[in-house]
Amino acid sequence: MGKAKKRSLHLGINDRVSKLSRNEAVMEVVEMLKNGDKEVYSLITLFGFTAEEILEAGASYETVAGLGNILL
């Protein structure tokens, strides 16, 4: 973990993310995609979600296909 991420976690800036399990995070990604939240990209890359995981959690195919190269 890099210095900046350690500092952010220590300061509580990413407090919400540090307490999420992988299952909770994928459900949060689906909700963020439905709401059009741009912060979804950082959550997807942080957990390294695949398109299949997000589709199984309930996201539409069109939304996941629109993410393009960000998914593994």
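Everything that follows concerns the structure shown earlier in this document.
Residues numbered from 1 in each chain as written. Predicted model: local features only at pLDDT ≥ 70, side-chain atom pairs only at ≥ 80, totals over all residues. Heavy atoms only, no water.

### With respect to the overall build of the protein
Counting its regular elements, the protein contains 6 helices and 0 strands. Here the protein holds 72 residues, and 24% of them are scored as buried. In the protein, 46% of the contacts between residues at least 6 apart in sequence involve partners at least 24 apart. Counting every atom, the protein has about 5100 Å² of accessible surface; 52% of that belongs to carbon and sulfur. (Helix = DSSP H or I, 4+ residues; strand = E, 2+ residues; numbered from the N terminus. Buried < 20%, exposed > 50% of the residue type's maximum accessible area, 1.4 Å probe, protein only. Contact = heavy atoms within 4.5 Å. Areas by Shrake-Rupley, 256 points an atom, 1.4 Å probe, with all protein chains shown as cover.)

### Let's talk about the nonpolar core
Most often, soluble globular proteins keep nonpolar side chains buried together rather than apart. Counting 17 residues, the largest nonpolar core has Val-29, Leu-33, Ile-44, Phe-49 and Ile-54 as the members making the most contacts within it. The set of elements that each furnish at least two residues to this core consists of helix H3 (22-35), helix H4 (40-47) and helix H6 (61-67). Here this core gets 6 residues from one element, more than from any other, and that element is H3. Every residue in contact with Ile-54, bar those within four places of it in the chain, is listed here: Val-26, Val-29, Val-30, Leu-33, Ile-44, Phe-49, Ala-59, Val-64 and Leu-71. (Core = buried A, V, L, I, M, F, W, Y, C linked by side-chain atoms within 4.5 Å.)

### Side note on the pattern of salt bridges
Counted by the stated rule, this structure contains 1 salt bridge. Note that Glu-53 is salt-bridged to Arg-22, the shortest N-O span being 3.0 Å. In this pair, Glu-53 sits in helix H5 (residues 51-56) while Arg-22 sits in helix H3, placing the two residues 31 residues apart along the sequence. Taking the relative accessible area as the measure of exposure, Glu-53 reaches 26% and is therefore partly exposed. (Salt bridge = Lys/Arg side-chain N within 4 Å of Asp/Glu carboxyl O.)

### Details of the packing of aromatic side chains
Per the counting criterion, the structure on display carries 1 aromatic pair. Consider the rings of Phe-47 and Phe-49, whose centres lie 5.5 Å apart with planes at 15°: the pair is stacked. With respect to burial, Phe-47 and Phe-49 carry one shared label: buried. (Phe/Tyr/Trp six-rings, centres within 6.5 Å; stacked < 30°, edge-to-face > 60°.)

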